[in-house]
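Given next are the chains, with one letter for each unit.
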Amino acid sequence: MKIFQWFYPTEHVTAASEITPAWLSDRGIKGVVFDIDNTVVPQDEPAGEEVAAYFRMLHEAGIKTFILSNNREPRVKAFAEAVGCAYYFRAQKPSRRGYLAAMRRMHLRRREIVVVGDQLFTDICGANRSRIRSVLVDPVEPKKDTAGVKMKRPFEKIVFRAWKKMRQKNS
Ligand SMILES: [Mg+2]
């Protein structure tokens, strides 16, 4: 179905940690816009040492990072400070507002950025609307999804399967 394309990611990886400096430079990417909840940590959980080390590794490789979240300021601010990057809270993804702000604040062009998120209807759809490449990750801990997100997951699965089929056909 053609309407599904609004929700198709550019790529899919199992976990955000698979996105390494080498992976990014292969694609000419200089900046990464991360969702937080269920993308890098479970819903509402703080950034642990492992996550902080991952962001440090990206920064040391010269990769810019940005946090774009629909969550509230205290949560987003604390997380962004722990991993050392700028942030945008209550982004109302898939609104384009936060994506465009991220691009501006990182001083990068569309083609130099990638969006990383766990939800097709918010993170990925917003990236597509902003014409930015995206990577879908498997939710870190689906059991901790909010009630609203849990409701959307079966529909996401339908779209994800259609995306995989389309990719196989085109490969
Ligand atoms: Mg999320």
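To keep things clear, this report deals only with the structure shown in the data block. (Residues numbered from 1 in each chain as written. Predicted model: local features only at pLDDT ≥ 70, side-chain atom pairs only at ≥ 80, totals over all residues. Heavy atoms only, no water.)

1. Some thoughts on the packing of helix H5 (residues 120–129) against helix H6 (residues 147–170)
Contact geometry of H5 with H6 gives a least axis separation of 11 Å together with a crossing angle of 45°. Our classification of the angle between H5 and H6 gives oblique. Across the interface between the two elements, Leu120, Phe121 and Thr122 of H5 pack against Lys152, Phe155, Glu156, Val159 and Phe160 of H6. When its residues are assigned to classes, the contact of H5 with H6 shows 5 nonpolar, 1 polar and 2 charged. (Axes fitted to C-alpha atoms, helices over the stretch in contact; angles between N-to-C directions. Helix = DSSP H or I, 4+ residues; strand = E, 2+ residues; numbered from the N terminus. Parallel < 35°, antiparallel > 145°, perpendicular 65-115°, else oblique. Contact = heavy atoms within 4.5 Å. Nonpolar A, V, L, I, M, F, W, Y, C, P; charged D, E, K, R; others polar.)

2. Topic: the sheet that holds strand E3 (residues 64–68)
Read across the open sheet, the 6 strands follow the order E1-E6-E5-E2-E3-E4; overall the sheet is parallel. The strands lining the two open edges of the sheet, one partner per strand, are strand E1 (11–13) and strand E4 (86–88). Averaged over all neighbouring strand pairs, the angle between strand axes comes to 25°, with direction disregarded. Relative to strand E6 (residues 133–137), strand E5 (residues 113–117) is paired through 4 bridges, and the arrangement is parallel. Bridge pairing in E6 links Val114 to Arg133. The strands that helix H2 (residues 49–60) touches are strand E2 (31–34) and E3; relative to E3, the one it contacts most, it runs at about 135°. Here helix H3 (residues 73–83) sits on the sheet in contact with E3 and E4, set at roughly 160° to E4. (Pairing = 2+ DSSP bridges.)

Interpretation note: all reported values are geometric properties and have no functional meaning in isolation.
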